[in-house]
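Observations on the three-dimensional arrangement
Below, each chain spelled out in residue letters.
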Amino acid sequence: MRIRRPLIALAACALLASAGPARADFRDGPVFADTAANGRLDVGPLYVFRSPSNANNTVFVMTVSPFTGVLTPATFVKGARYDIDIDGSGDAVADMVLRTTFGPPSAVDGSQSVLMRCLPKPRCRRYIFARGRTGKNISVPGGGTLRAGNQDIPDYFDQGAWDTRMATNTGFPRSPGTAKDFYGGKANSLAIVLEVPSTRIRVSPDNPKKVIGVWARTVGTGGRTDREGRPFVNTGLMPKTPTGQSRADRRNAFNVAFPDRDRIAFRDDMLSVLTSFYGRSPIDASFLADTFLPDMLMFEIGNPNGFGSLIGPGPGFFSGPFAGNQVLGNGRRLSEDVHDVTLNLLSNGAMPSDNVSDDNGLRITDGSVDPASAQTRAIAFPYVGTAGSPASGPNP
């Protein structure tokens, strides 16, 4: 039974509404701390949002392999699978999988062949979604566009200070003016960007609000490697986050798990972090665990709102602990300061920000407003900025 406590729900809604426009999704486990050795299949931020150029389309952005050109190559791994999993029925099991694979880099220009398939075939209008070359906008038969290649990292978060906090339980947040964007400068990563008509996303008949749960996953030759749903869940809610007790590090286990088992396998770990590190009461911790598990990025198709919105309800896990049985949505847009929202909620306002703001300038092209210049950004696919040159590494 899910816990629904109206007073807690109202307090959480107030926090979400008051949070301003920090993220850390790359390097979210011990194996990924050494980016140069293990980072090529490290999944970073996942974005899902209504297309800014066509309200009838949905955009998915999967990022992977941070600091390309410095710590990792600017090419996808031949033989690996890059999956965007979509649950349209609320059971935290993928009903559609958009699977992208790549060929070897060309000796001529370094580009790779791209093949995106839709699985399983009975749930997809086309088995072959799109094919082409990296670094190019590829038309999707039946409508839409795919691009896979080296792009700017839109993420901004003081991960250097957060890593210090994880090691010493001090040092985060740094004061305004001293906090640093770990992904600042000209840091790049690989990205798979897909825009498709929303009608191609299958949802169950008992899901009239068309809520979906999305997660990205890489699968290497040795099996499952990494996954990403909501921002900051593994980084901020799984041990090794300081818990005041000797709980084992669970981040690698979380990365290779499936969402439908999250509450069974990781709820106790999350409760421990919430009570010991964030200082939440057992009642609040239970509410928040049911908010963030299973780890899927919830999105209400066609809804123009962004991360921190309450959406639904729908069937199964799409019915949540907030007032009206709603869940925490609505996807994630490129410019949103999702970690400020999340930190504010988890800490009950005690840790409202990492003191790093959106520094994307006019690189991203999603129609949002650049807070530094107050200019409205252009609208142009693939929305993620072009790769910075010369590429830069971490800014700790």
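Residues numbered from 1 in each chain as written. Predicted model: local features only at pLDDT ≥ 70, side-chain atom pairs only at ≥ 80, totals over all residues. Heavy atoms only, no water.

Another aspect to go through is the confidence of the model for the chain. Chain-level pLDDT for the chain is 91 on average; 93% of the residues reach the 70-or-more range. Counted against residues more than four places away or in other chains, residues 1–23, with its pLDDT under 50, gives 68 contacts. (pLDDT = per-residue confidence, 0-100. Contact = heavy atoms within 4.5 Å.)

Tallied over the full model, the rule gives 15 salt bridges. A salt bridge links Arg-333 to Glu-336; the shortest N-O distance between them is 2.9 Å. Arg-333 sits in the partly exposed class, given a relative accessible area of 33%. For Glu-336, a relative accessible area of 11% corresponds to the buried category. What you see here is one network of salt bridges that share partners, running through Asp-25, Asp-155 and Arg-332. (Salt bridge = Lys/Arg side-chain N within 4 Å of Asp/Glu carboxyl O. Buried < 20%, exposed > 50% of the residue type's maximum accessible area, 1.4 Å probe, protein only.)

Cis peptide bonds are those with omega within 30 degrees of zero, and the linkage from Gly-329 to Asn-330 qualifies with -5°. Considering the arrangement of structural elements, one finds Asn-330 in the loop between strand S14 (327–328) and helix H8 (338–346). Residue Pro-390 is reached from Ser-389 by a cis peptide bond, and omega for that bond is -5°. Its location among the elements puts Pro-390 in the segment after H8. Of note in this structure, Asn-355 is not a glycine but carries a positive phi near 65°. A positive phi angle, near 75°, is found at Tyr-383, a position not held by glycine. Its place among the elements puts Tyr-383 in the segment after H8. Among the residues examined, Tyr-383 registers a relative accessible area of 1% and is labelled buried. (Helix = DSSP H or I, 4+ residues; strand = E, 2+ residues; numbered from the N terminus.)

Moving on, we get to the nonpolar core. Among the nonpolar cores identified, the biggest contains 37 residues, and Phe-60, Tyr-82, Leu-98, Leu-146, Ile-192 and Leu-194 are the most heavily contacted of them. Non-local contacts of Ile-192, meaning those with residues more than four positions away in its chain, are made with Phe-60, Val-61, Met-62, Phe-76, Tyr-82, Thr-100, Phe-102, Met-116, Leu-146, Arg-147 and Ala-148. In terms of nonpolar packing, the next biggest core, distinct from the first, is built from 30 residues, Tyr-278, Ala-289, Leu-328 and Leu-343 among them. (Core = buried A, V, L, I, M, F, W, Y, C linked by side-chain atoms within 4.5 Å.)

With that settled, the discussion passes to the pairing of strand S10 (residues 211–220). Taking burial as the measure, the 10 residues of S10 include 10 buried ones, the bulk of the element. In S10, alternate side chains face the same way, and those of Val-211, Gly-213, Trp-215, Arg-217 and Val-219 on one face and Ile-212, Val-214, Ala-216, Thr-218 and Gly-220 on the other are all buried. As paired strands, strand S3 (residues 81–87) and S10 are joined by 7 bridges and run antiparallel to one another. Paired with Arg-81 across the two strands is Val-219, which belongs to S10. As paired elements, S10 and strand S12 (residues 297–300) share 4 bridges and run antiparallel to each other. Bridge assignment links Ile-212 to a residue of S12, and that residue is Phe-299. Bridge count between S10 and strand S11 (residues 223–228): 5 bridges; the pairing is antiparallel. Pairing of Ala-216 across the sheet is with Glu-228, part of S11. Where S10 hands over to S11, the hairpin turn is made up of 2 residues, counted between the paired strands. (Pairing = 2+ DSSP bridges.)

Another point: helix H3 (residues 159–168). Residues Gln-159, Gly-160, Ala-161, Trp-162, Arg-165 and Met-166 constitute the buried set of H3. As for H3, its buried residues are in contact with helix H4 (233–237) and H8. Looking one or two residues beyond H3, the residue adopting positive phi is Asn-169, at roughly 65°.

When you line up the elements, Arg-227 lands in strand S11. Since its relative accessible area comes to 2%, Arg-227 is described here as buried. Of note is the side chain of Arg-227, whose polar atom sits 2.8 Å from the backbone oxygen of Phe-254. A distance of 2.7 Å separates a polar atom in the side chain of Arg-227 from a polar atom in the side chain of Asp-262. Residues within four places of Arg-227 in sequence aside, it is in contact with Asp-28, Val-43, Ala-216, Arg-217, Phe-254, Asn-255, Ala-257, Phe-258, Pro-259, Asp-262, Phe-266 and Asp-295. (Polar contact = N/O pair within 3.5 Å; in protein donor to acceptor, adjacent residues only side chain to side chain.)

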